[in-house]
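Chain residues, written in single-letter form:
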Amino acid sequence: MKAAALYARISADRRGNEAGVTRQIDECRAWAERNGVTVAEVYVDNDISAYRGKSRPEYRRMCEDVKASIRDGVIAWHLDRLHRNPIELEEFIVLIEATGAEVRTVTGGDYDLSTSDGRAMARVVGAFARKESEDKSRRIKSEQHQRAHAGKRSWGGTRAYGYSADHRKLVPKEGAIIKEAAKRILAGETLRSVCVDLNARHVPTVTGKEWTTTVLRRILTSGAISAQVVYQGEIVAPGDWPAVITPSETARLRTKLLDPARRTNRAPRRYPLMGLVRCGICGAKMVSRPRGDGARRYFCAKGPGFAGCGHMAILSEPLEQFVADAVLHRLDTPDLQRALLQQVSQDDEADALQRQIDDARVDLENLATVHGEGHITLAEWLAARKPIEARIDNAARYMSRLTRTTALEGFVGNSEALRGQWTSLGPARQRAIVAALIDHLTIASAVKGRNIFDPNRIGVLWRA
Ligand SMILES: [Zn+2]
């Protein structure tokens with residue numbers, strides 16, 4: 001190869017890891033150098049969403065260049081960077097056979113088109129897909145490709161939770177668990193607290209083992225449960241099997257559970273009112289600090305790292321009980337029901353925010369491309385990322401406010417249902433519900449000599 005094309009593709013699974021394309025390019029260049037191949041041009045496509053970015057202009061341009069013999073070979077990091085479905089693979093094989101251009105992948109790959117074995121294998125994959133999909137949409141072919149390509153990832157292996165073995169039918173009981181878990185996570189509960197609850201209720205997983213956060217995260221972030229084809233961690237197309245949740249819910253779950261910055265493996269809070277309790281003397285947020293005898297308490301801490309005065313403390317248990325009662329009462333007030341009804345359609349708003357987040361991520365990827373191609377320095381890259389990351393943070397923050405109605409869903413005007421469940425909900429879920437209703441609590445000083453819990457000390461600022 002004297003004038004090879006280097007092709008790299010960024011895809012959605014590179015979330016938060018912009019080195020993706022840089023690494024593809026770097027490794028391809030290194031490979032070329034080792035093998036005495038001249039890289040004539042680098043072609044990079046931004047393929048964040050298979051729904052939106054179908055055309056891959058740089059890939060097309062590269063194919064034209066190969067066809068015109070301007071390029072005599074193609075280097076890619078892996079074959080999956082070149083082809084997203086059997087049609088593209090077939091077209092590419094035709095092109096390669098016609099031009100005699102060489103194809104090399106840095107990571108080897110099972111179907112290296114430069115070997116006859118690789119070509120045979122690739123054709124089997126393509127033929128399989130063609131035979132199967134005469135009357136099906138191209139999107140379904142990409143699912144076939146996914147199965148063929150990933151090999152072990154056929155529906156025939158371990159049954160997917162929520163689905164029959166052939167993935168054609170729903171298992172209603174399991175579907176209900178998926179729905180419940182999705183709803184609870186979107187309402188602000190942690191993976192861990194949902195797992196603890198499922199295990200306590202003896203709900204079995206697909207293998208009959210106990211629920212772990214890893215298993216639950218994998219299920220909830222998989223596009224498969226909203227009937228979307230996932231290829232190497234990236235949602236590429238709609239599937240043709242029944243959905244348990246909506247694609248919009250999947251998008252929100254993925255944002256919540258896959259973004260490393262937002263990932264929480266922490267144990268559930270033992271202090272459900274953390275961050276909501278303020279000192280009536282100095283206004284600082286009170287922190288959790290057990291008394292000498294171990295009784296849980298909120299305390300206005302002073303000293304390094306704390307903004308408080310050190311003069312206010314209140315025992316957690318009676319306070320939490322008081323707040324629970326207040327919240328349950330509040331749920332039945334007409335005021336609240338009106339306020340919640342006035343909120344604009346939550347799903348629309350969440351979708352809009354999700355789009356903002358997606359767009360910002362595309363910008364990040366684009367920026368990475370520019371850096372990857374050497375147009376800007378590392379320092380410039382890092383500086384330019386900041387405002388985009390701020391946009392993502394902002395949108396994510398607004399999105400978390402939207403969980404307010406989700407947290408309260410089913411309970412407004414029906415406090416009895418919640419009262420029955422309250423103690424079993426766990427601190428994370430309790431907190432989500434309390435925070436949906438209460439802006440903050442202000443604690444006043446205790447009357448000297450009174451050791452019993454005094455509700456008059458507590459001021460509640462309700463949210464609108
Ligand atoms: Zn204070």
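See the structure above.
In this report, the structure presented in the accompanying data block is examined.

The rules we used
Residues numbered from 1 in each chain as written. Predicted model: local features only at pLDDT ≥ 70, side-chain atom pairs only at ≥ 80, totals over all residues. Heavy atoms only, no water. Helix = DSSP H or I, 4+ residues; strand = E, 2+ residues; numbered from the N terminus. Buried < 20%, exposed > 50% of the residue type's maximum accessible area, 1.4 Å probe, protein only. Contact = heavy atoms within 4.5 Å. Donors = N, O, S within 2.8 Å, 3.2 Å for Na, K, Ca; no water. Tetrahedral: all angles 85-135°; square planar, octahedral: opposite > 155°, others 65-115°. Core = buried A, V, L, I, M, F, W, Y, C linked by side-chain atoms within 4.5 Å. Axes fitted to C-alpha atoms, helices over the stretch in contact; angles between N-to-C directions. Parallel < 35°, antiparallel > 145°, perpendicular 65-115°, else oblique. Left-handed = near helix turned anticlockwise from the far one by under 90°. Nonpolar A, V, L, I, M, F, W, Y, C, P; charged D, E, K, R; others polar. Salt bridge = Lys/Arg side-chain N within 4 Å of Asp/Glu carboxyl O. Pairing = 2+ DSSP bridges.

Considerations on the overall build of the protein
Within the protein one finds 16 helices and 12 strands. Of all 464 residues assigned to the protein, the portion counted as buried reaches 48%. Considering only intrachain contacts with a sequence separation of at least 6, the fraction spanning at least 24 residues in the protein is 65%.

Section: the coordination of the zinc ion
Coordination of the zinc ion by the protein is provided by Cys279 (SG), Cys282 (SG), Cys300 (SG) and Cys309 (SG), with metal-donor distances spanning 2.2 to 2.3 Å. Coordination at the zinc ion comes from four donor atoms whose angles at the metal span 96 to 116 degrees, giving a geometry best classed as tetrahedral. Site description for the zinc ion: donor spacing in sequence, C-x2-C-x17-C-x8-C. One end of the pair, cysteine 282, is in the loop between strand E7 (277–279) and strand E8 (287–288); the other, cysteine 300, is in the loop between strand E9 (297–299) and strand E10 (313–315), and 18 residues separate them in sequence. Taking the relative accessible area as the measure of exposure, cysteine 282 reaches 37% and is therefore partly exposed. The buried category is assigned to cysteine 300, whose relative accessible area is 0%.

Points about the nonpolar core
A general tendency of soluble globular proteins is for nonpolar side chains to be buried together. Residues Leu273, Met286 and Leu319 are the most contacted members of the largest nonpolar core, which totals 35 residues. Ignoring sequence-local partners within four residues, the contact set of leucine 319 consists of Leu273, Val277, Tyr298, Ile314, Ile443, Phe453 and Ile458.

Comments concerning the packing of helix H11 (residues 316–331) against helix H16 (residues 427–437)
Put simply, H11 and H16 touch, their axes get as near as 10 Å, and they point 60 degrees apart. With respect to their mutual orientation, H11 and H16 come out oblique. The element H11 and its partner H16 pack so that their crossing is left-handed. Of the residues in H16, those in contact with Val323, Val327, Arg330 and Leu331 of H11 are Ile433, Val434 and Leu437. Residue classes in the contact of H11 with H16 are distributed as six nonpolar, no polar and one charged.

Describing the pattern of salt bridges
Here the structure, examined in full by the defined rule, presents 14 salt bridges. The shortest N-O distance in the salt bridge between arginine 71 and glutamate 41 comes to 2.9 Å. In this pair, arginine 71 is assigned in the loop between helix H2 (57–67) and strand E3 (73–76) and glutamate 41 in strand E2 (residues 39–47), connecting sequence segments 30 residues apart. Judged by relative accessible area, which is 24%, glutamate 41 ranks as partly exposed.

Looking at the sheet that holds E8
One open sheet holds the three strands; their spatial order is E8-E9-E10, and the pairing between them is antiparallel. Bordering the open sheet on either side are E8 and E10, each of which pairs with just one other strand. Sheet strands in contact with H11 are E9 and E10, and its direction is about 75 degrees off that of E10.

A look at the sheet that holds strand E11 (residues 438–443)
Sheet architecture is open: three strands sit in the order E7-E11-E12, paired in mixed fashion. Pairing within the sheet leaves two strands with one partner each, and these edge strands are E7 and strand E12 (458–462). Strand-to-strand twist in this sheet, taken as the mean axis angle between neighbours without regard to direction, amounts to 25 degrees. Alignment of E11 against E12, held across five bridges, turns out to be antiparallel. Residue isoleucine 443 lies in a different strand from E12, and its bridge partner there is isoleucine 458. Along the sheet, H11 makes contact with E7, E11 and E12, crossing E12 at roughly 35 degrees. In the packing of H16 onto the sheet, the strands contacted are E11 and E12, and the crossing angle to E11 comes to about 90 degrees.

A word on unusual backbone geometry
Phi at histidine 202 takes a positive value of approximately 60 degrees, unusual for a residue other than glycine. By relative accessible area, histidine 202 is classed as exposed at 69%. Positive phi outside glycine occurs at alanine 227, with the angle close to 55 degrees. Within the secondary structure, alanine 227 sits in the loop between helix H9 (213–221) and strand E5 (228–231). Take alanine 227: its relative accessible area is 10%, and that puts it in the buried class.

Notes on the environment of asparagine 366
Tracing the sequence through the fold places asparagine 366 in helix H13 (residues 346–372). Judged by relative accessible area, which is 33%, asparagine 366 ranks as partly exposed. In the structure, asparagine 366 is positioned 356 residues away from isoleucine 10 in sequence and 8.9 Å away in space, judged by C-alpha atoms.

Quick word on helix H8 (residues 191–200)
Along H8, seven of the 10 residues are buried, which leaves the element largely enclosed by surrounding structure. Taken together, the buried positions of H8 are occupied by Leu191, Ser193, Val194, Cys195, Asp197, Leu198 and Asn199. Looking at the buried positions of H8, the neighbouring elements they touch are helix H7 (172–186), H9, helix H10 (247–258) and H16. Looking one or two places after H8, you find histidine 202, whose phi comes out positive at around 60 degrees.

Description of the pairing of E3
Where burial is concerned, the two faces of E3 agree: the one with Gly73 and Ile75 and the one with Val74 and Ala76 are both buried. Both E3 and strand E4 (residues 102–105) contribute to a ladder of four bridges, which runs parallel. Its bridge partner being in E4, valine 74 is matched across the sheet by valine 103.

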